[in-house]
Amino acid sequence: MNPTHLHPEGRPDITGRPDIERFVNAFYGKVRDDDLLGFIFNDVAKTDWATHLPKMYAFWETMLFRSSGYVGNPLAAHARLLPLTTMGRPQFDRWLAIFTATVDELFTGENAERIKNTAADMANVIHAKINGVAQAPYDYTKLTPEQRARYGIDPPKVVAP
Ligand code: HEM
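Computed from a prediction, not measured in an experiment: that's the story for all the values here.

A. Just the environment of Ile20, in detail. Looking at the secondary structure, you find Ile20 in helix H1 (residues 17-33). Overall, Ile20 belongs to the buried group, with 24 C-beta atoms counted inside 10 Å. Ile20 sits 36 residues away from Met56 along the chain, and the two C-alpha atoms are 9.0 Å apart.

B. The site of the ligand, seen in detail. Around the ligand, 22 residues are found, and the nearest of them are Ala45, Thr47, Gly72, Gln91 and Met122. Looking at the shell around the ligand, its residues break down into 15 nonpolar, six polar and one charged.

C. Region of the structure containing unusual backbone geometry. Even without a glycine there, the phi angle at Lys46 is positive, about 50 degrees. For Lys46, a count of 7 C-beta atoms within 10 Å translates into the label exposed. Of note in this structure, Arg66 is not a glycine but carries a positive phi near 55 degrees. With respect to the helices and strands, Arg66 occurs in the loop between helix H3 (49-65) and helix H4 (74-79). The exposure class of Arg66 is exposed, given the 8 C-beta atoms found within 10 Å.

D. Representation of the environment of Thr85 in the model. In this fold, Thr85 is placed in the loop between H4 and helix H5 (89-106). Sequence-distant contacts of Thr85, defined by excluding residues within four places in its chain, comprise Ile40 and Val44.

E. Layout of helix H6 (residues 110-131). With 22 residues, H6 extends 32 Å between its outermost C-alpha atoms, agreeing within 8% with the 32 Å of an ideal straight helix rising 1.5 Å per residue. Within H6, burial applies to Asn111, Ala112, Ile115, Asn124 and His127. On its buried face, H6 sits against H3 and H5. Immediately beyond the C-terminal end of H6, within one or two residues, lies Gly132, with a positive phi of roughly 65 degrees.

Basis of the calculations
- Residues numbered from 1 in each chain as written.
- Predicted model: local features only at pLDDT ≥ 70, side-chain atom pairs only at ≥ 80, totals over all residues.
- Helix = DSSP H or I, 4+ residues; strand = E, 2+ residues; numbered from the N terminus.
- Buried ≥ 20, exposed ≤ 12 C-beta atoms within 10 Å, placed from the backbone.
- Near = placed C-beta within 6 Å.
- Nonpolar A, V, L, I, M, F, W, Y, C, P; charged D, E, K, R; others polar.
- Contact = placed C-beta atoms within 7 Å.
- Expected span 1.5 Å × (residues − 1).

The following block contains the structure:
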């Protein structure tokens, strides 16, 4: 048996809620144990995982499939952590590295790419807004070719002397 959503490598794409739940559980399983991020959830926010995990299932289901009705305020949730702990580029880069690695372990395909791109964009926006710094995505030198194409940003014009 070879379900049609299975890619040649054997990893499926993300096709619905059960995949999202599997991903979110695996992702936060690693985050909780991470030396840079674990204590932010466990000790600073004192996260109630029985509440946070279902919220994140709904969040990512809404992001990918426009369903399930996540209601919340991600910006405020992170801004409130700032007086209590550092939420800098190293933390967001680590978060994103774990996110990307977890997606790639479990899935491959169009939705797997979309969830990684959405996470990268949101990490940039949240990092910039809560720290009051310029957004990395709009710094041309930091854009991936894929982001440049998606944002429709042209290379800076070289002005002739
Ligand atoms: C340095 C990176 C990050 C850290 C340390 C972090 C940490 C946290 C913590 C501690 C909470 C609150 C959990 C609780 O209720 O106890 C939270 C909530 C949340 N985070 Fe993050 N986060 C990070 C990055 C991100 C990114 C990049 C996204 C989006 C792509 C995201 C999406 C969310 C959402 C949707 C919530 C729930 C907000 C709500 O209450 O509605 N997080 N995060």
